[in-house]
Amino acid sequence: MFVLRFDMRAPDHGPDELRALYAAALEMAEWGERQGCWAALVSEHHGSSDGYLPAPLVLATAMAARTRTLPIQVAALLVPLHDPIELAEQMAVLDILSAGRVSYVTALGYRPEEYAMFGRDMRRRGRRMDACLEALRHAWTGEPFTFEGRPARVTPRPSTPGGPTLFMGGNSEAAARRAARFGMGLLAEGGDPGIADVYRDECRRLGREPGPCTVPPAGAATSCFVTLDPDRAWHDLGAYLLHDAVRYADWMGPDHASASRSQATTVEALRAEAGAYRIFTPDEAVAHVRAHGVLMLQPLCGGMPPERAWESLELVESRVLPALRTG
């Protein structure tokens, strides 16, 4: 019924506030498991002035250690920025520690600054992705192989046969065809429902059964909160949501399509969009889940103080989930 998403933005936070923010994320993962959360999502970006999470596997490992059944997804993992041999080792160990609960949405990334930071050629990122995905598949067999002329062998093997579950992210026909080619599900950024047809058609052309495919509609609610007083909440919390929205829009630029993209530059405009960023009353949240199937919660959005984030989660626990379970 609900998903928890964490990107750990923390503009102007000091060390003590950062520790509290990360501690809250782990506590919220534990809370989510108790409440039947479908999954906790952690993200990856690098070199962000507001501290956006650069090491998602570390946070995913900490969440896995604090929970027993909660599915965890790294969404997205910017595979071309990594050495796939080292990445395969880390993912294999995490797969063992988590009993296979961690899955990954692989993505190319879209920020030139990140490619420059890691010395990668952004123009060749598609080819790099293909090579990395091939390397991961070879690595998880536990057998020797060669990558870029280097002899490699990755041990231990992951506990999941064939390795952790991988999905393809992105929002292009190339991403859809790559997902089909590698036998992966497709979790697109959304906005273009035709991507799903490209994916399924390519799977059939290759003689593969299509995997899971999700393409969120434009304006899908991806960062939700619950409150008894929306006016007060927008007044008190709107700046955190706006920070998140503006930073993503700046990164994406004018040509990057995404269902969660906002054009807002003020809190008032963000609220009026009624798009990715929503603050619901409990009854509105219940109606949203009944209409759309899931409530996407981003409790620490924009570096929100944990105590304010918990106010929303407590209403989800006390008012939203009971209504959904009995209705």
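Here the focus is the overall build of the protein chain. In terms of helices and strands, the protein chain carries eleven helices and twelve strands. For 327 residues, the compact-globule estimate of 2.2 N^0.38 gives 20 Å, and the C-alpha radius of gyration of the protein chain, at 20 Å, lies within 12% of that figure. With the principal axes as the frame, the protein chain shows a C-alpha extent of 60 × 40 × 40 Å. A burial count over the protein chain gives 53% of its 327 residues as buried. Taking all contacts inside the protein chain whose residues are at least 6 apart in sequence as the whole, residues at least 24 apart take part in 73%. Of the accessible surface of the protein chain, which amounts to about 14,600 Å², a share of 53% is contributed by carbon and sulfur atoms. Both charge centroids of the protein chain, one from 34 positive and one from 41 negative side chains, sit 6 Å from each other.

Our focus in this paragraph is unusual backbone geometry. Omega for the peptide link from A75 to A76 comes to 15°, which places this bond in the cis form. Within the secondary structure, A76 sits in strand 3 (residues 72-78). For the bond running from T155 to P156, omega is -5°, close enough to zero to count as cis. With respect to the secondary-structure elements, P156 resides in the loop between strand 6 (150-152) and strand 7 (166-168). With a phi angle near 65°, M8 is a residue other than glycine that sits in the positive phi range. One non-glycine residue, A274, adopts positive backbone phi at about 50°. By secondary structure assignment, the location of A274 is in the loop between helix 9 (267-273) and strand 11 (277-280).

Quick look at the packing of helix 2 (residues 56-66) against helix 3 (residues 84-97) now. For the pair helix 2 and helix 3, the least separation of the axes is 10 Å and the interaxial angle reads 10°. As summarised for this structure, helix 2 and helix 3 are arranged roughly parallel, according to the angle between their axes. Of helix 3, the residues touching helix 2 (which contributes L57, A60, T61 and A64) are L87, Q90, M91, L94 and L97. Within the contact of helix 2 with helix 3, the residues separate by chemical class into seven nonpolar, two polar and no charged.

On to the environment of I96, then. Considering the arrangement of structural elements, one finds I96 in helix 3. Between the alpha carbons of I96 and G190 there is a distance of 32 Å; along the sequence they are 94 residues apart. Excluding residues that lie within four positions of it along the chain, I96 makes contacts with P156, R157, P158 and S159.

M63, M91, Y104, L186, L241, L295 and L300 are the most contacted members of the largest nonpolar core, which has 99 residues in total. Sorting elements by how many residues they give to this core places helix 8 (residues 230-252) first, with nine residues. Among residues more than four places away in sequence, those in contact with L241 are F225, W234, L270, Y277, I279, C301 and M304. In this structure, A76, V105, A107 and F167 belong to the second largest nonpolar core, which totals seven residues.

Now for the packing of aromatic side chains. Evaluated as defined, the whole model comprises five aromatic pairs. Taking 6.4 Å as the distance between ring centres and 85° as the angle between the ring planes, the aromatic pair formed by W31 and W310 counts as edge-to-face. Taken together, the residues W31 in helix 1 (residues 15-34) and W310 in helix 11 (residues 306-326) connect sequence positions 279 residues apart. Accessibility expressed as a relative area gives 2% for W31, which makes it buried. Between Y52 and W251, the aromatic rings sit 5.5 Å apart at their centres with planes inclined by 55°, giving tilted as the arrangement. Taken together, the positions of Y52 in the loop between strand 2 (39-42) and helix 2 and W251 in helix 8 put the pair 199 residues apart, joining distant regions of the chain. Grouping aromatic residues by their ring pairs yields a cluster made of F2, W31 and W310. Just above the ring of W251 sits the side chain of R111; from NZ or CZ to the centre is 4.2 Å.

Reading guide: rules and limits
Residues numbered from 1 in each chain as written. Predicted model: local features only at pLDDT ≥ 70, side-chain atom pairs only at ≥ 80, totals over all residues. Heavy atoms only, no water. Helix = DSSP H or I, 4+ residues; strand = E, 2+ residues; numbered from the N terminus. Rg over C-alpha atoms; globule rule 2.2 N^0.38 Å. Buried < 20%, exposed > 50% of the residue type's maximum accessible area, 1.4 Å probe, protein only. Contact = heavy atoms within 4.5 Å. Areas by Shrake-Rupley, 256 points an atom, 1.4 Å probe, with all protein chains shown as cover. Lys, Arg positive; Asp, Glu negative; His and termini not counted. Charge placed at Lys NZ, Arg CZ, Asp CG, Glu CD. Axes fitted to C-alpha atoms, helices over the stretch in contact; angles between N-to-C directions. Parallel < 35°, antiparallel > 145°, perpendicular 65-115°, else oblique. Nonpolar A, V, L, I, M, F, W, Y, C, P; charged D, E, K, R; others polar. Core = buried A, V, L, I, M, F, W, Y, C linked by side-chain atoms within 4.5 Å. Phe/Tyr/Trp six-rings, centres within 6.5 Å; stacked < 30°, edge-to-face > 60°. Lys NZ or Arg CZ within 6 Å of the ring centre and 35° of its normal.

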